[in-house]
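Take a look at the letters that make up each chain.
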Amino acid sequence: MKISPFLLAFAVQHLVHPCLADGLVGVADVFDSGAVSALHERVDQYRQLRGDARDLSDAALIAQLRQYAEEGDAAAKVLLADSLVLLNGDATALDEALSLFADEIGQGTPGASLGYAKALLMGGLTEKNRQTIMEELMEASMRGSAEADRLLSLLVLDSYDGDASLADSWALLLRSAQREDASACVELADAYLNGTWRECSLSVNGEVADRLLLVASRKGSPEAALRRAIRLTRNGVDTTDEDYEESVRELYNTYLWAHKQGNVALIEAMDALHEQGAIYLRTWLRAHFLYENTINPSHSVQMVGSDGALGCKERAGIRQILKIEGGSDGSTLSVLGFPCDAPYLWDGEVEVLENGSLSVPENDLYWSSVLRRLKSGGAPCFVRILDGEYAGFVVYVHPDWVAGEDRQIALENITNASLFGQKARIALGQWRSLFSVFGEFNSLGLRPGTSASDADQVILYNSGVQRVDRYYFDSDLMAWVRADEPGEAAADVALPPWQAVFVLRREKAAVELTVDGVRSETPATLPIDPGFNLVANLEGKLLDGLAASDIQGKAIRADEFPVYMVSETGGLYKPEESVHWWCLLGIPAETPIYVNTPSAYILTGSEQTQSFYLQR
């Protein structure tokens, strides 16, 4: 096992005084405190997917998963193996788990390599299995696993001696945090706050630590939420109303998540911190009151004055699960579409200024959350008008706009002067992107490779420039690259919600993609570019009765894919002759394609030369 040289170079930039490591942690620490709870949450989602709403005990849960596994369900096999691993001390269960994981590794099932390595660790780390464990963790890392990076960070300390070992470990821990592993984020945050990591000196950086804790808290880490609650109040000195409200929410979450995980030690530690005066008293009183009335509601107690504590606008909306099918006889193509906008960053009433900007009222309490999320670049933003004459219209936000204290949203253009001086209710959102959907470090677990010919591909059709772009995750660079620019890490690319996305899958096992979104109160009016446009319509409103429900979950040939055209008058029709749209993507006509839900697709004709708006 050899750690890539670039990890060492990457780590040296962050270490001031490298030193010897403390050694490998115990094998019992492989699973963090939330492992059992997280597994059951995964099973709950899986059960809902299968339509089984029963409450299952552990034994019944394993029996149900075993049934699905015997039916050939790859995801169920990995979940079953995960469950068996958690039966500590049961050697027979551990052997069965190892066998299940080994079978699914060959199929390319996400999580199989990580699960196999963790199962081996549960049986004990030995010189005999060390190489296998590290190889499987490296494979899991190439498939985007943040947990694999964190475990590798621990293992390399025990595998090598000296400064190089520590530098490699630090680099892997950094990558784990970049991939949003909650435990890695908390460990790094503590290091940047204390100015030391494993007895090595670091530059103290509270801003970086705060960003790491925010990521970990959003991942449900009670340890991160506790640290954020304390830092947000700064002992109550110069604390803004927004920070105070957020500190209450974070401390409440700490109690709630620790209780859910059965982490009694953390709850006791929080109470001890309160007794020592380390937690701002107002924050503790309010959060503890909310927590007690959540887990042990008392009808005689009225939660006076607590309504605003948890009043943060949550706009996760509905959850959509898209399946990327695997193929037993070669590559398959799955078409993905997003009928819902990504979760809104903010919504409310604005005034349209004469310069084309939107002005947010001074008394809006939630604008501060936008400031925290949009201090730098990223995927472009959009505005959807929610009411009035122009309800449903999507307007682009200027690409250089960044949320600021001036509370103005700079639009790319407003052509209708009648809107100036008017008030409108809008939603501010951000496009999805290649990285946000598939993970900047391939967190979805698509097959990586050293070339486009052996890796899974994400295929995008850019109607604005009439171009097809292919992306794959390079296992050497550990980054997404464009197929026509191999060897160079690709920048993120925005995905409008109506854009159809294709995934070419080369593994036998399927992959499930989960996305959250907000279903608009009004149908979107979409900008259509000149030339070809491939638009995914999964709501079925625009083409009611024409949705391709007969092809749901079935493999069809590319030349059988249902496509509709837009006439010069804006009407829709199915062309008499087949439109060879697959040639645009560079795929054969016989390529098998899978469609996730009842859906319809619109392909505007190449003769269309003017932009127009299409009511979805």
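Cut-offs and rules
Residues numbered from 1 in each chain as written. Predicted model: local features only at pLDDT ≥ 70, side-chain atom pairs only at ≥ 80, totals over all residues. Heavy atoms only, no water. Helix = DSSP H or I, 4+ residues; strand = E, 2+ residues; numbered from the N terminus. Buried < 20%, exposed > 50% of the residue type's maximum accessible area, 1.4 Å probe, protein only. Contact = heavy atoms within 4.5 Å. Areas by Shrake-Rupley, 256 points an atom, 1.4 Å probe, with all protein chains shown as cover. Salt bridge = Lys/Arg side-chain N within 4 Å of Asp/Glu carboxyl O. Phe/Tyr/Trp six-rings, centres within 6.5 Å; stacked < 30°, edge-to-face > 60°. Axes fitted to C-alpha atoms, helices over the stretch in contact; angles between N-to-C directions. Parallel < 35°, antiparallel > 145°, perpendicular 65-115°, else oblique. Nonpolar A, V, L, I, M, F, W, Y, C, P; charged D, E, K, R; others polar. Pairing = 2+ DSSP bridges. Core = buried A, V, L, I, M, F, W, Y, C linked by side-chain atoms within 4.5 Å. Left-handed = near helix turned anticlockwise from the far one by under 90°. Expected span 1.5 Å × (residues − 1). Arc of directions from axis to C-beta. pLDDT = per-residue confidence, 0-100. Polar contact = N/O pair within 3.5 Å; in protein donor to acceptor, adjacent residues only side chain to side chain.

### Here we look at the overall build of the protein chain
1) Next: The helix and strand tally for the protein chain stands at 18 helices and 25 strands.
2) Next: Looking at the protein chain as a whole, 49% of its 616 residues are labelled buried.
3) Next: Within the protein chain, contacts between residues at least 6 apart in sequence are counted, and of these 69% link residues at least 24 apart.
4) Next: In the structure as shown, the protein chain presents an accessible area of about 28600 Å², 49% of it carried by carbon and sulfur atoms.

### Topic: the pattern of salt bridges
1) Next: Considering all chains together, one arrives at 23 salt bridges under this definition.
2) Next: A salt bridge links Asp559 to Arg557; the shortest N-O distance between them is 2.8 Å.
3) Next: For Asp559, a relative accessible area of 31% corresponds to the partly exposed category.
4) Next: In this structure, a network of salt bridges that share partners links the residues Lys118, Glu147, Arg150 and Asp181.

### A short note on the packing of aromatic side chains
1) Next: In total, this model carries 11 aromatic pairs according to the counting rule given.
2) Next: Here Trp170 and Tyr192 contribute two aromatic rings whose centre-to-centre distance is 6.2 Å and whose plane-to-plane angle is 65°, an arrangement assigned as edge-to-face. Taken as a pair, Trp170 in helix α9 (residues 163-178) and Tyr192 in helix α10 (residues 182-194) lie far apart in primary sequence, 22 residues in all.
3) Next: The class for Trp170 is buried, based on a relative accessible area of 0%.
4) Next: You can call Tyr192 buried: its relative accessible area is 12%.
5) Next: Where Phe473 meets Trp480, the ring centres are 5.6 Å apart and the plane angle is 75°; that geometry is what we call edge-to-face.
6) Next: Phe473 gets classed as buried once you look at its relative accessible area, which sits at 1%.
7) Next: Clustering of aromatic rings is evident, with ring pairs tying together Phe502, Phe561, Trp581 and Trp582.

### Concerning the packing of helix α13 (residues 241-261) against helix α14 (residues 264-275)
1) Next: Close contact between α13 and α14 brings their axes to 8 Å; oriented N to C, the two are set at 150°. One element, α13, and the other, α14, form an angle in the roughly antiparallel class. Here Leu251, Thr254, Tyr255, Ala258 and His259 of α13 lie close against α14, whose contacting residues are Leu266, Ile267, Met270 and Asp271.
2) Next: Its residues assigned to classes, the contact of α13 with α14 comprises six nonpolar, two polar and one charged.

### Notes on the sheet that holds strand β5 (residues 346-352)
1) Next: Pairing within the open sheet is antiparallel, and its six strands lie in the order β8-β7-β10-β5-β6-β9. Each edge of the open sheet carries a strand with a single partner, namely β8 (394-396) and β9 (408-410). Geometrically, the sheet is characterised by an average inter-axis angle of 40° between neighbouring strands, direction not taken into account.
2) Next: Summarising the sheet, strand β6 (residues 357-359) and β9 pair through three bridges and their orientation is antiparallel. When the sheet's bridge partners are listed, Ser357 is paired in β9 with Ala410.

### Description of the environment of Leu202
1) Next: By secondary structure assignment, the location of Leu202 is in the loop between β2 (200-201) and α11 (206-218).
2) Next: According to the relative accessible area criterion, Leu202 is buried, its value standing at 9%.

### Regarding the sheet that holds strand β12 (residues 457-462)
1) Next: Spatial strand order, β14-β13-β12-β16-β4-β23-β20: seven strands in an open sheet with mixed pairing. Two strands close off the open sheet at either side, each with one partner strand: β14 (479-482) and β20 (555-557). Between one strand axis and the next, the sheet turns by 30° as a mean value, whatever way the strands run.
2) Next: Bridge count between strand β13 (residues 467-474) and β14: four bridges; the pairing is antiparallel. When the bridges of β14 are listed, Tyr472 appears paired with Val481.

### Side note on the nonpolar core
1) Next: Within the largest apolar cluster, 32 residues are counted, with the highest numbers of intra-cluster contacts made by Leu80, Leu84, Phe101, Ile133 and Leu137.
2) Next: For this core, the secondary structure elements donating two or more residues are α3 (58-70), α4 (74-85), α5 (91-105), α6 (112-122), α7 (127-142) and α8 (146-159).
3) Next: Non-local contacts of Leu80, meaning those with residues more than four positions away in its chain, are made with Ile62, Leu65, Arg66, Ala69, Glu96 and Leu100.

### Details of the packing of helix α12 (residues 222-233) against α13
1) Next: Interhelical geometry of α12 versus α13 gives an angle of 155° and a closest axis separation of 8 Å. Between α12 and α13, the angle falls in the class roughly antiparallel. Crossing of α12 over α13 shows left-handed handedness. Between α12 and α13, the residues in contact are Pro222, Ala225, Leu226, Arg228, Ala229, Leu232 and Thr233 and Asp243, Glu246, Ser247, Glu250, Leu251, Thr254, Trp257, Ala258 and Gln261, respectively.

### What about α5?
1) Next: For α5, built from 15 residues, the straight-helix expectation of 21 Å at 1.5 Å per residue is met to within 8% by its first-to-last C-alpha distance of 21 Å.
2) Next: Every buried residue belonging to α5 is among Ala93, Leu94, Ala97, Leu98, Leu100, Phe101 and Glu104, and all of these are buried. An end-on view of α5 places all buried positions within 165° of arc, on one side of the element. Across α5 from its buried face, at more than 90 degrees, point the exposed residues Ala91, Thr92 and Asp95.
3) Next: Elements that come into contact with the buried residues of α5 comprise α4 and α6.

### Comments concerning the confidence of the model for the protein chain
1) Next: Taken over all residues, the pLDDT of the protein chain has a mean of 79, while the share at 70 or more is 76%.
2) Next: Averaged over each element, pLDDT in the protein chain is lowest for helix α1 (residues 5-12) (34) and highest for β14 (96).
3) Next: The model gives residues 1-31 a pLDDT under 50, and that stretch makes 67 contacts with residues more than four places away or in other chains.
4) Next: Between residues 299-312, whose pLDDT stays under 50, and residues either more than four places distant or in other chains, the model counts 22 contacts.

### Notes on the pairing of strand β4 (residues 332-336)
1) Next: Within β4, five of the five residues are buried, which leaves the element mostly enclosed by the surrounding structure.
2) Next: What you see with β4 is no split at all: Thr332, Ser334 and Leu336 on one side and Leu333 and Val335 on the other are buried throughout.
3) Next: One ladder, built from three bridges, connects β4 with strand β23 (residues 592-595); its direction is parallel. By the bridge assignment for β23, Leu333 is matched with Ile593.

### Some remarks on the environment of Phe473
1) Next: Relative to the assigned elements, Phe473 resides in strand β13.
2) Next: Taking the C-alpha atoms as reference, Phe473 lies 9.3 Å from Val458; in sequence the two are 15 residues apart.

### Side note on the side chain of Arg175
1) Next: Tracing the sequence through the fold places Arg175 in helix α9.
2) Next: Accessibility expressed as a relative area gives 6% for Arg175, which makes it buried.
3) Next: Separated by 3.0 Å, the side chains of Arg175 and Asp149 make a polar contact.

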